Amino acid sequence: MPHTTNKKLIVGNWKMNPSTSVEAKKLARKFKHAAVSLNHTEVVICPPLTFIPLCTGRTKTAHFHMGAQVASTQEESGPHTGEVGANMLRDLGVEYVIVGHSEQRKRGDTDAIVAARLKAVLGQGMTPILCIGEHSRDESGAYLDVLKEQIKASCGDLLKKVAKSIIVAYEPIWAIGAAEAMKSEDVYETSLFIKKVFADLYGADMGLKVTVLYGGSVTYRNAPDIISIGKVDGLLVGRESINAPGFIELLKAVDLLG
Ligand code: 13P
């Protein structure tokens, strides 16, 4: 399901948290409750795989969606010990899947692996959240080439009608788990560049339409500026997404932007 509305998309990446299913259920319950009263914002939570069924519940909640942090590169069920397929995630009601997060790239996900995961997620009609980001920045602007290469290497071979469903999450690695987020002005500049790469690959309309999120040390305090000055379509939130009061405050603050 591509993100086609003008609403802001706030994605909580819980990473390997919390430690127990009881805590996971509690967090999900609080976020569902908060999501119901949102007007301009959609919420996606991405718990660890084992918690997904516990966080989904039996009935659908308005403005609340389930995401996963990873899907296998394998498209078909079979002898793939330890893997969880995109087909199985979809069966659990998952709509969004994070692909190519820097923490997974660090553990060995190459561009080819990221491309295979992306294809598997798209093949099941779910929305991939493709993470890209540079390790560091310097005056020469080499980081822009890094971003362009990451995009081309993961989706360059996809047909436009398939690539349309991709959401890009720009997460500069140096801003993840850091004390401060990237400056909103720089978020704006980089999101424009990402849109241009999509325009060059797939035509001007794709450049206008592609959904771009920012991630890296987002809090309820900096979220409104990152969205309004950075002009991104939403946020990929780490630590603040397992801090219930902070995440709920963030949702409310973003929703107030209209
Ligand atoms: P933090 O928000 O904790 O910096 O994490 C960002 C992130 O990696 C989200 O995917």
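Just above sits the structure.
Quantities reported herein were computed from a predicted structural model and do not represent experimental measurements.

Engineer: Explain a positive patch on the surface here, please?
Structural biologist: On the surface, K25, K26, R29 and K30 cluster together into a patch of positive charge. Relative to the assigned elements, K25 resides in helix α1 (residues 21–36). Exposure remark for K25: the relative accessible area of 37% places this residue in the partly exposed category.

Engineer: Before we go on, may I ask you to explain the site of the ligand in this structure?
Structural biologist: Around the ligand, a shell composed of N13, K15, H101, E171, I176, G177, G216, S217, V218, L236, G238 and R239 is seen. One of the side-chain N or O atoms of H101 is found 2.9 Å from an oxygen atom in the ligand. In this structure, an oxygen atom belonging to the ligand sits 2.8 Å away from a main-chain N or O atom of S217. Relative to its unbound accessible area of 310 Å², the ligand is 99% covered by the protein chains. In terms of residue class, the shell around the ligand is made up of 3 nonpolar, 6 polar and 3 charged.

Engineer: Just to check I follow, could you spell out helix α6 (residues 142–155) for this structure?
Structural biologist: Note: α-helices contain 3.6 residues per turn, so residues at a spacing of three or four share the same orientation. For α6, built from 14 residues, the straight-helix expectation of 20 Å at 1.5 Å per residue is met to within 8% by its first-to-last C-alpha distance of 20 Å. Of all the positions in α6, only Y143, L147, Q150, I151, S154 and C155 are classed as buried. All buried residues of α6 fall inside an arc of 95° around its axis, so they share one side. In this fold, the buried residues of α6 make contact with α4 (102–106), α5 (111–123), β5 (127–132), β6 (167–170) and α8 (184–202).

Conventions used here
Residues numbered from 1 in each chain as written. Predicted model: local features only at pLDDT ≥ 70, side-chain atom pairs only at ≥ 80, totals over all residues. Heavy atoms only, no water. Patch = residues over 30% accessible without salt bridge, like charges linked within 9 Å, V, L, I, M, F, W, Y side chains within 5 Å. Areas by Shrake-Rupley, 256 points an atom, 1.4 Å probe, with all protein chains shown as cover. Salt bridge = Lys/Arg side-chain N within 4 Å of Asp/Glu carboxyl O. Lys, Arg positive; Asp, Glu negative; His and termini not counted. Charge placed at Lys NZ, Arg CZ, Asp CG, Glu CD. Helix = DSSP H or I, 4+ residues; strand = E, 2+ residues; numbered from the N terminus. Buried < 20%, exposed > 50% of the residue type's maximum accessible area, 1.4 Å probe, protein only. Near = heavy atom within 4 Å. Polar contact = N/O pair within 3.5 Å; in protein donor to acceptor, adjacent residues only side chain to side chain. Nonpolar A, V, L, I, M, F, W, Y, C, P; charged D, E, K, R; others polar. Expected span 1.5 Å × (residues − 1). Arc of directions from axis to C-beta. Contact = heavy atoms within 4.5 Å.

Purely geometric numbers; function is a separate question.
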